[in-house]
Amino acid sequence: AAAVEMPVGAGGNVWRTLRAARRFRIFQVLRVMKATEVLGFLVSEARSLSVAFLVGFFSFATWLLGAFAVLIFEAGSSASNIKSAEDALWWSASTMTTVGYGDVTPVTAGGRLVAFFLMLGGVSIFGTMSGLIASFVFGAGLEKAEAETPGQQQQQQQQ
């Protein structure tokens, strides 16, 4: 049996190599702590930004899942005009936005059930987006008003 030699590090000292490896582990812990700080900031200080990200993610996921689900239901029907992924994505987008051009429609019960939930999801997502935009617009004015002290408000009213 041949002996396998393993590189040990500078000077052949195993313990020195292991101590150096521990230093790198500290860097990993520091990276995790920094990521945790960033996440904490996004959750506490930038709530509107995190909500905007979540709304965007859920709208994209709803669009894709709706298209995938209707394609599964409509694939077996010969009367269906949703035949490809492109048709399903177009139908899902127009249904989510409640435009519903009518050029592509589901004909199966399962496809219509997907349409119902997609319409509810679309209205909910756009309602949330509208509220979020309103909070951005009016929230800045409220923060400015709250930052002023009552004395400053009285002085401004007198002038």
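Residues numbered from 1 in each chain as written. Predicted model: local features only at pLDDT ≥ 70, side-chain atom pairs only at ≥ 80, totals over all residues. Heavy atoms only, no water.

## A short note on helix 3 (residues 85-96)
For helix 3, spanning 12 residues, the distance from its first C-alpha to its last is 16 Å, which sits close to the expected 16 Å at 1.5 Å a residue. Burial in helix 3 covers these residues: Ala88, Trp91, Ser92, Ser94, Thr95 and Met96. Once helix 3 ends, the next one or two residues include Thr98, with phi positive near 60 degrees. (Helix = DSSP H or I, 4+ residues; strand = E, 2+ residues; numbered from the N terminus. Expected span 1.5 Å × (residues − 1). Buried < 20%, exposed > 50% of the residue type's maximum accessible area, 1.4 Å probe, protein only.)

## Description of the confidence of the model for the protein chain
Per-residue confidence for the protein chain averages 78 on the pLDDT scale, and 64% of its residues sit at or above 70. Per-residue pLDDT, averaged within each element of the protein chain, yields its smallest value for helix 5 (residues 150-158) (63) and its largest for helix 3 (93). (pLDDT = per-residue confidence, 0-100.)

## Re the packing of aromatic side chains
Overall, the coordinates contain four aromatic pairs when judged by the stated rule. With centroids separated by 5.7 Å and ring planes inclined at 50 degrees, the aromatic side chains of Phe60 and Trp63 adopt a geometry described as tilted. Of this pair, Phe60 and Trp63 both sit in helix 2 (residues 47-74), three residues apart, which is roughly one turn of the helix. Take Phe60: its relative accessible area is 47%, and that puts it in the partly exposed class. (Phe/Tyr/Trp six-rings, centres within 6.5 Å; stacked < 30°, edge-to-face > 60°.)

## Quick word on the nonpolar core
Core analysis: the biggest nonpolar cluster contains 12 residues, these being Val55, Ala67, Val70, Ile82, Ala88, Trp91, Met96, Val104, Val114, Ala115, Leu118 and Ile125. At the level of secondary structure, the elements contributing two or more residues to this core comprise helix 2, helix 3 and helix 4 (109-147). With four residues, helix 4 is the single largest residue contributor to this core. Excluding anything up to four places from it in sequence, Val104 contacts Asn81, Ile82, Asp87, Trp90 and Trp91. (Core = buried A, V, L, I, M, F, W, Y, C linked by side-chain atoms within 4.5 Å. Contact = heavy atoms within 4.5 Å.)

## Topic: a nonpolar patch on the surface
On the surface, a nonpolar cluster with roughly 460 Å² of combined accessible area is contributed by Phe53, Leu54, Phe57 and Phe58. Considering the arrangement of structural elements, one finds Phe53 in helix 2. Judged by its relative accessible area of 60%, Phe53 falls in the exposed class. (Patch = residues over 30% accessible without salt bridge, like charges linked within 9 Å, V, L, I, M, F, W, Y side chains within 5 Å. Areas by Shrake-Rupley, 256 points an atom, 1.4 Å probe, with all protein chains shown as cover. Salt bridge = Lys/Arg side-chain N within 4 Å of Asp/Glu carboxyl O.)

## Observations concerning the environment of Ser77
Note on placement: Ser77 falls in the loop between helix 2 and helix 3. Owing to a relative accessible area of 18%, Ser77 belongs among the buried residues under this scheme. Through-space distance from the C-alpha of Ser77 to that of Val107 is 7.9 Å; in sequence the pair is 30 residues apart. Apart from residues no more than four positions distant in its own chain, Ser77 is found in contact with Lys83, Val107 and Thr108. A polar atom in the side chain of Ser77 sits 3.3 Å from the backbone nitrogen of Ala79. (Polar contact = N/O pair within 3.5 Å; in protein donor to acceptor, adjacent residues only side chain to side chain.)

## Things to note about the side chain of Thr108
Locating Thr108 in the fold gives a position in the loop between helix 3 and helix 4. A distance of 3.1 Å separates a polar side-chain atom of Thr108 from the backbone nitrogen of Gly111. Not counting the four nearest positions on each side in its chain, Thr108 is found in contact with Phe73, Glu74 and Ser77.

## As for unusual backbone geometry
A positive phi is found at Thr98, a non-glycine position, where the angle reads about 60 degrees. Among the structural elements, Thr98 can be located in the loop between helix 3 and helix 4.

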